[in-house]
Amino acid sequence: MSAPPTPDFGELARRLGAERAAAEPQALARLAELVGIVYRLRDPDGCPWDRSQSVDSMALNLVEEAAETHEAVANGDDAHVAEELGDTLMNVVLIARIAEQEGRFDLGRVAAGIAEKLVRRHPHVFGDRQAADQQEALASWNEPKSQEKAAAAEGGA
């Protein structure tokens, strides 16, 4: 029995979601601005602190910023949540930029990977499955996740 064809996750995401994002030019422009700022900070004549960071050092900062985001959410302070989410996002962009400069991966790969995973793990939204409630949605998410883990175990054995 042959496996069903693998969907083009990028096409699904573009068709079913990314076109909505394109209708938010200010948000996309602000994301592009952030990426540009982070790239500038890593330039040879950029910020000495930012240039001295590594993926490892920034991973520690990422954990700290995520914890601060969690605390702001718990406190119900939306202004602080937005600020801490910004700090967390900056850390993600900076880690990806450092990795790109080291020839490891880049922000495009990070974004494409999570976009594909979200589409793949939401067959009840992007595929032919149905989810009437939260429990069915979670079951729908877990099925491809279990299949991915099983395939990885087979490939790694």
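Predicted model only: the values in this text are computed from it and were never measured.

Another aspect to go through is the overall build of the protein. Secondary structure assignment for the protein yields eight helices and zero strands. Against the globule reference of 15 Å for 157 residues, the protein gives a C-alpha radius of gyration of 19 Å, more extended than a compact globule. Dimensions of the protein, computed from the C-alpha atoms along their principal axes, are close to 60 × 40 × 30 Å. Looking at the protein as a whole, 20% of its 157 residues are labelled buried. Taking the contacts inside the protein whose residues are at least 6 apart along the sequence as the reference set, 46% of them involve residues at least 24 apart. For the protein, the computed accessible surface area is about 10,700 Å², with 57% contributed by carbon and sulfur atoms. On the protein, the mean spot of the 16 positive side-chain charges and the mean spot of the 28 negative ones are 6 Å from each other.

For helix α2 (residues 25-42), spanning 18 residues, the distance from its first C-alpha to its last is 26 Å, which sits close to the expected 26 Å at 1.5 Å a residue. Those residues of α2 lying buried are Leu34, Val38 and Arg42. All buried residues of α2 lie within an arc of 70° about the axis, which places them on one face of the element. Looking at α2, the residues exposed on the side facing more than 90 degrees away from the buried face are Pro25 and Gln26. Elements in contact with the buried residues of α2: α3 (48-52) and α5 (78-101).

Let's shift gears to the nonpolar core. Membership of the largest hydrophobic core is limited to nine residues, which are Leu34, Val38, Val55, Met58, Val93, Leu94, Ile95, Ile98 and Ala99. Of all the elements in the fold, those that place two or more residues in this core are α2, α4 (55-75) and α5. Once residues lying within four places of it in the same chain are set aside, the contact partners of leucine 34 are Leu89, Met90 and Val93.

On the surface, Leu28, Leu31, Leu89, Val92 and Val110 cluster together into a nonpolar patch covering about 350 Å² of accessible area. Elements that contribute at least two residues to the nonpolar patch include exactly α2 and α5. Relative accessible area serves as the criterion here: at 33%, valine 110 is assigned to the partly exposed category.

What follows is about the pattern of salt bridges. The final tally for this structure, using the stated rule, is eight salt bridges. Between arginine 40 and aspartate 43 there is a salt bridge, with the nearest N and O atoms lying 3.7 Å from each other. Looking at arginine 40, the relative accessible area reads 41%, which means it is partly exposed. Each member of the salt-bridge network shares a partner with another, and the members are Arg40, Asp43 and Asp45.

Thresholds, definitions, all that
- Residues numbered from 1 in each chain as written.
- Predicted model: local features only at pLDDT ≥ 70, side-chain atom pairs only at ≥ 80, totals over all residues.
- Heavy atoms only, no water.
- Helix = DSSP H or I, 4+ residues; strand = E, 2+ residues; numbered from the N terminus.
- Rg over C-alpha atoms; globule rule 2.2 N^0.38 Å.
- Buried < 20%, exposed > 50% of the residue type's maximum accessible area, 1.4 Å probe, protein only.
- Contact = heavy atoms within 4.5 Å.
- Areas by Shrake-Rupley, 256 points an atom, 1.4 Å probe, with all protein chains shown as cover.
- Lys, Arg positive; Asp, Glu negative; His and termini not counted.
- Charge placed at Lys NZ, Arg CZ, Asp CG, Glu CD.
- Expected span 1.5 Å × (residues − 1).
- Arc of directions from axis to C-beta.
- Core = buried A, V, L, I, M, F, W, Y, C linked by side-chain atoms within 4.5 Å.
- Patch = residues over 30% accessible without salt bridge, like charges linked within 9 Å, V, L, I, M, F, W, Y side chains within 5 Å.
- Salt bridge = Lys/Arg side-chain N within 4 Å of Asp/Glu carboxyl O.

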